[in-house]
Amino acid sequence: MYGNDFAPPEDGPGGGLLGEVEAAEAALREAAARARRGGPAGDEDLEAYFAGVVDADQKIEPRDWMPEAYRKTLIRQIAQHAHSEIIGMQPEGNWISRAPSLKRKAILLAKVQDEAGHGLYLYAAAETLGVSRDELVELLLNGRQKYSSIFNYPTLTWADVGAIGWLVDGAAIVNQVPLCRCSYGPYARAMIRVCKEESFHQRQGYEILHTLAHGTPGQKAMAQDAVDRWWYPSLAMFGPPDGDSTHSAQSMAWKIKRFSNDELRQRFVDMCVQQAEILGLTLPDPDLRWNEQRQSYDYTQPDYDELLRVIKGNGPCNRQRMEHRRRAHDEGAWVREAAAAYAAKQNSRERVAA
Amino acid sequence: MSTLDFTLALGDDALIAAQRLGEWTSRAPEMEEDIALANIALDQLGAARLLLTYAGELEGAGRDEDALAYLRDDREFRNCLLVELPNGDFGVTMAKLFFLAAYQLPLYTALAGCADERLAAIGAKARKESAYHLDHAALWVRRLGDGTEESHRRMQDAVDQVWPYTHELFTPAPTAPVDPATLRADFDAQVRDVLDQATLTRPADGWTPGGGRDGLHTEHLSYLLAEMQVLHRAHPGARW
Ligand SMILES: [Fe+2]
Ligand SMILES: [Fe+2]
């Protein structure tokens, strides 16, 4: 592991969520250890068998029968998650060349590299459902599949790197920790690995903001400005409010999703309030207050019309992000072709030699 | 060449190489390559930090790795010109990396056995990394050289373009902890083998640009530093 060469702040975030990831990992091992039924009995229908495995909190594996809609939902969700990791490299990659110390440069480079790794595990998880990475990349490039809208916002200052780590990676973890218990085995296992790394990212982001918030007045202002700009887009990462969410109910029944958008958003808000206090930064919501009855914070909803506009392609950076990805893909074509041609030549040489 | 100048030169080579490789992040021809280039950039950056920290100690003026990286101007940098050249296409980047690694591997190997304990420890760590960089770059030189017609043409162009900058690496420095002139035979053998396998031609020697070790750089370095240093310099004395 590169770049985690600093002691995390005593009161830093991530501990509780990391604990949940570990619990999910233990549950996964237990589920694997419980004698799994070897397959449907002769007279049992496949659908009933599938439902039984899901109900028993066992994992569906690639070889198992699954409803076509379950497969499609998973492909779409895992692919969009993979695309998000790959596109998400851009906003933070934007600061690698200007990172203000060599230590920060190393940590950031390693972080962006981790995101590429997350993209790879996720594409590999999607491939177990019978679709190829190339097909999925094509769906990203031609705009038929989306990535998380959060990456359509620009990183304008160094503090944005901190805010992304703290808030965006933080929201991603809150979203993803329940996915560590997803009914589809390869996705659950990929999520465990991803969540562990995301929790490092969140700590690193928090650490950046902590340093800035306790630095010069200019640094503190930079940190506050970044939190002001990233707070509501981060809340919007949990998706539309429950009433308007189209995929939720079925995904819940299949145990792909385990909590509603609004439940996860609330969890995230509750987690951030105390951390913001320790940072000495203000969350830009004058109506944020503890609700004794609900044992949660009341907060202002993000602007869902804005979310919709960004999803539709009209955020500040949608065009830039896609153009960047298409250009990298197009400019790399001759290299990929060369690698394929070379491999084919090597194969035929080996065959001749054999 | 004093131990300080030598350490600074190696540290600057690694730092500027890392900066250029970092520019590839999210732009590589395939996702696996994005990860590989970031790995190599991280290795170079790691070596740069160790070398610059030690250079600061040798200098004894209280400068740490960041003071040396962020607060010197281009005329004070001691890196070779090869590493500051723009990335170009992927072929040019691989030509640069291949020549750099074919130099750094015997250099760090010799350093691992030198009398200066700090430098020996850095050499011992870095040579393992250089061996991987060399493997990686050599594989791409072969793939591109012996791939398609287009890749062959591009790779030969890249080698032709970068080759003149390799001579500077071996400028004799008999008093340095490792005299770079002693590394030339190793380098030449490595280059000959890989270019042969890649069906590429070693360019003829002629023009031999240099000056980096004396702080006389190409026009590119000042732009690279402007970008690298801008934020650090905008907040004098701040901690990050
Ligand atoms: Fe990630
Ligand atoms: Fe992350």
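Residues numbered from 1 in each chain as written. Chains lettered and ligands numbered in written order. Predicted model: local features only at pLDDT ≥ 70, side-chain atom pairs only at ≥ 80, totals over all residues. Heavy atoms only, no water.

Caption draft 1: Spatial organisation of the overall build of chain A. A count of helical and extended segments in chain A gives 14 helices and two strands. Computed over its C-alpha atoms, the radius of gyration of chain A comes to 22 Å, within 12% of the 20 Å expected for a compact globule of 354 residues. Taking all 354 residues of chain A together, the buried fraction comes to 55%. Considering only contacts in chain A between residues 6 or more positions apart, those separated by 24 or more positions represent 78%. (Helix = DSSP H or I, 4+ residues; strand = E, 2+ residues; numbered from the N terminus. Rg over C-alpha atoms; globule rule 2.2 N^0.38 Å. Buried < 20%, exposed > 50% of the residue type's maximum accessible area, 1.4 Å probe, protein only. Contact = heavy atoms within 4.5 Å.)

Caption draft 2: Quick look at the packing of helix α1 (residues 3–22) of chain B against helix α5 (residues 90–112) of chain B. Residue and element names in this part refer to chain B. Put simply, α1 and α5 touch, their axes get as near as 12 Å, and they point 150° apart. As judged from the angle between their axes, α1 and α5 are roughly antiparallel. When you trace α1 past α5, the crossing you get is left-handed. Contacts between α1 and α5 involve F6, L10, D13, A14, A17, R20 and L21 on the former and, on the latter, T93, K96, L97, L100, Y103, L107, Y108 and L111. Here the residues of the contact of α1 with α5 sort into 11 nonpolar, one polar and three charged. (Axes fitted to C-alpha atoms, helices over the stretch in contact; angles between N-to-C directions. Parallel < 35°, antiparallel > 145°, perpendicular 65-115°, else oblique. Left-handed = near helix turned anticlockwise from the far one by under 90°. Nonpolar A, V, L, I, M, F, W, Y, C, P; charged D, E, K, R; others polar.)

Caption draft 3: Just unusual backbone geometry, in detail. Residues other than glycine seldom take positive phi values, yet K255 of chain A does so here, at roughly 60°. Following the sequence through the fold, K255 of chain A ends up in the loop between α10 (248–253) and α11 (261–279). Accessibility expressed as a relative area gives 18% for K255 of chain A, which makes it buried. Here the phi dihedral of S26 of chain B falls at roughly 70°; this positive angle occurs in a residue that is not glycine. By the element assignment, S26 of chain B lies in the loop between α1 and α2 (31–59). Residue S26 of chain B is classed as buried on the basis of its relative accessible area of 5%.

Caption draft 4: Structural detail: the interface of chain A and chain B. Each partner contributes to the interface: chain A provides 47 residues, whereas chain B provides 47 residues. Our count for the chain A to chain B interface comes out at three salt bridges. Among the salt bridges present, the one from K345 of chain A reaches D146 of chain B, with a minimum N-O distance of 3.0 Å. Taken together, the elements giving at least two residues each to the side of chain A that touches chain B come down to α4 (89–93), α5 (102–127), α6 (133–141), α8 (185–213), α9 (217–236), α13 (318–331) and α14 (333–353) of chain A. (Salt bridge = Lys/Arg side-chain N within 4 Å of Asp/Glu carboxyl O.)

Caption draft 5: Highlighting the pattern of salt bridges. Evaluated as defined, the whole model comprises 30 salt bridges over all chains. Linked by salt bridges that have partners in common, R184, D188, R202 and D205 of chain B make up one network.

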